[in-house]
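# Close look at the chain arrangement
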Amino acid sequence: MHGTENPSAWLQRWAHLIAPGSSVLDVACGAGRHMRWLATQGHAVQGVDRNPDAVALAQAFGEVTCADIENGPWPFAGQTFGCVVVTHYLWRPLLPTLVQAVAPGGMLIYETFAAGNETVGKPSRPDFLLQPGELLRATESLRTVAYEDGFEASPNRFVQRIAAVRLVHQADVPRLPLRAN
């Protein structure tokens, strides 16, 4: 079942920038692979997924909401989070909502498939593939810490990913500690 794999390397690489003890929302959380890992890092984790079987598994790691966020209301209206995590999921109408859900001082860690993936596997429909620069444009109100757009091997896939923060004050320039990997 999706969600039982190891956590995303991109998430692990940038999670040190999440403020200690933050509330973290994992969107399309599956069985909770990121929730599990983030909980071990001391964060209060919450997830949302439309699959009741996945939600049942993810509940072991934090609070989970079973909701169809593509066809129903956003279950977290008015709420913000210290971090919003999204991997392997794209629903373009939801992008502005996800960005708005990042609290001041919080961050967005987003990684999903990009155009070109149709040449190596699934997903292959353009609806599920980010176009060049699309993730950067969708997150313009945040400060980009890291961004990648390209090919990744094992398994072969094209991805776009971003780690971005919402500044507390627009004039602030965050002192983001870099970590060697």
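Heads up: the structure comes first, above all this text.
Described in the following lines is the structure provided in the data block. (Residues numbered from 1 in each chain as written. Predicted model: local features only at pLDDT ≥ 70, side-chain atom pairs only at ≥ 80, totals over all residues. Heavy atoms only, no water.)

### Some remarks on the layout of surface pockets
If you add up the space inside the largest pocket, you get close to 450 Å³. As for the largest pocket, its lining consists of 19 residues, of which A28, R50, E70, H88 and Y89 are closest to the centre. Among the elements of the structure, β2 (44-49) and β5 (102-113) are those that each provide at least two residues to the lining of the largest pocket. Taken together, the residues of the lining of the largest pocket break down into nine nonpolar, six polar and four charged. In this structure, the second largest pocket encloses a volume near 270 Å³. Contributing to the lining of the second largest pocket are 17 residues, with H88, E111, E152, R157 and R161 lying nearest its centre. Looking at the lining of the second largest pocket, the elements that each hand over two or more residues are α1 (9-14), β5 and β7 (157-165). The element contributing the most residues to the lining of the second largest pocket is α1, with three residues. A class-by-class count of the residues in the lining of the second largest pocket yields five nonpolar, five polar and seven charged. (1 Å grid on protein atoms, 1.4 Å probe; cavity = no way out; pocket = protein on both sides within 12 Å on 5 of 7 lines; lining within 4 Å. Points joined across faces, edges and corners; volume = space filled by probe spheres on them. Helix = DSSP H or I, 4+ residues; strand = E, 2+ residues; numbered from the N terminus. Nonpolar A, V, L, I, M, F, W, Y, C, P; charged D, E, K, R; others polar.)

### Description of the packing of aromatic side chains
The tally for this structure, following the rule as stated, stands at four aromatic pairs. Between W74 and F76, the ring centres sit 5.2 Å apart and the planes meet at 70 degrees, which makes this aromatic pair edge-to-face. In this structure an aromatic cluster arises from ring pairing among W74, F76 and F81. When the ring centre of F61 is taken as origin, the NZ or CZ atom of R36, which lies over that ring, is 5.8 Å away. (Phe/Tyr/Trp six-rings, centres within 6.5 Å; stacked < 30°, edge-to-face > 60°. Lys NZ or Arg CZ within 6 Å of the ring centre and 35° of its normal.)

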